[in-house]
Amino acid sequence: HAKDLEITTRVTGSFTKAKAKETLYYVGGCDDGDGFKAISNCSHASSWNAGWIAIYDGKKPIRKIEAALGYTVRFVTDVNGDGKEEILSLSGYSGMGETTISGQLGQITNAGYEKIFPLDDKFYFGSLERMAFKDESDEVENCLSLAAVVSYTPTTNGKFPAFTEEYFKSEECNPKWTKITKKEFDADQ
């Protein structure tokens, strides 16, 4: 129902053509597999697996795209110097004492929404937090956290830059992060 519609994100930029002044609206939601879609996370999985993008030039609608970007668009930036912004979105999962937050970088193309990064399982691009009881009380602490940091140098030639990823771990409820290898990171997931 339209009255239940809640816009998750509203950002301005150039999405369909270089140097445009457009507004992108994103609504995250749930597709439970039976064709029903809701404007919320999927309660059975604590995740967002459906979504819709609407792009306007002022009050004029330009594009509408079905795309599952997660629960929010975090920010937009032009990583390849083509004059159009790419979209960094976040998604996540929470259940059984673990919370995972992951991201993806994508762009609007003639075909719709296209993911740019990560394109394969080589990169994780997210963080994992495990909840554990610190003692016999009911107090819960974040006692193991893993994170990946993605870096790139923007280009100006229209080609996408190379992305690199570093991995970090924090143990025993300690806020200090230690750099680890991808192999160590994968073993702790």
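Residues numbered from 1 in each chain as written. Predicted model: local features only at pLDDT ≥ 70, side-chain atom pairs only at ≥ 80, totals over all residues. Heavy atoms only, no water.

Scanning the chain for helices and strands turns up one helix and 13 strands. Counted from the first residue to the last, the chain has its helices and strands arranged as β-β-β-β-β-β-β-β-β-β-β-β-β-α. A separation of at least 24 residues holds for 42% of the contacts in the chain among residues at least 6 apart in sequence. Of the roughly 11500 Å² that the chain leaves accessible, carbon and sulfur atoms contribute 50%. (Helix = DSSP H or I, 4+ residues; strand = E, 2+ residues; numbered from the N terminus. Contact = heavy atoms within 4.5 Å. Areas by Shrake-Rupley, 256 points an atom, 1.4 Å probe, with all protein chains shown as cover.)

Within strand E2 (residues 22-31), nine of the 10 residues are buried, which leaves it mostly tucked inside the rest of the structure. Where strand E1 (residues 9-13) lies against E2, five bridges are found, and the strand directions are antiparallel. Within E2, the position partnered with Thr12 by the bridge is Thr23. With seven bridges joining them, E2 and strand E4 (residues 50-57) adopt antiparallel strand pairing. Bridge pairing in E4 places Tyr25 opposite Ala54. (Buried < 20%, exposed > 50% of the residue type's maximum accessible area, 1.4 Å probe, protein only. Pairing = 2+ DSSP bridges.)

This paragraph deals with the environment of Leu90. Inspection of the secondary structure puts Leu90 in strand E7 (residues 86-95). The sequence separation of Leu90 and Ile101 amounts to 11 residues, and the corresponding C-alpha distance is 6.9 Å. Excluding residues within four positions of it along the chain, Leu90 makes contact with Leu69, Gly70, Tyr71, Thr72, Arg74, Ser102 and Gly103.

What follows covers unusual backbone geometry. A cis amide bond, omega -10 degrees, links Phe117 with the succeeding residue Pro118. Positioned with a positive phi, Lys19 is a non-glycine residue whose angle comes to about 65 degrees. Of note, Lys19 is situated in the loop between E1 and E2. Of the residues examined, Lys19 reaches a relative accessible area of 69% and is grouped as exposed.

In this section: the nonpolar core. In this structure, Phe15, Leu24, Ile53, Leu69, Ile87, Ile108 and Tyr113 are the most contacted members of the largest nonpolar core, which totals 13 residues. Listing elements by their share of this core, those giving two or more residues are E2 and E4. Once you skip the residues sitting within four places of it in the chain, Leu24 turns out to touch Thr9, Arg10, Val11, Phe15, Ile53, Ala54, Ile55, Val73 and Ile87. Formed by six residues, the second largest nonpolar core is a distinct cluster that contains Leu88, Leu105, Ile116 and Phe117. (Core = buried A, V, L, I, M, F, W, Y, C linked by side-chain atoms within 4.5 Å.)

In this section: the pattern of salt bridges. In total, this model carries two salt bridges according to the counting rule given. Measuring nitrogen to oxygen at the nearest pair gives 2.6 Å for the salt bridge that ties Lys179 to Glu166. Of this pair, Lys179 sits in strand E13 (residues 178-180) while Glu166 sits in strand E12 (residues 164-171), and the two are 13 residues apart along the sequence. Overall, Glu166 belongs to the partly exposed group, its relative accessible area being 32%. Close ionic contact of Asp186 with Lys182 constitutes a salt bridge, the shortest N to O distance being 3.1 Å. Of the two residues, Asp186 and Lys182 are both situated in helix H1 (residues 182-188); the distance of four residues between them amounts to about one turn of the helix. (Salt bridge = Lys/Arg side-chain N within 4 Å of Asp/Glu carboxyl O.)

Purely spatial values, then, with no claim about function.
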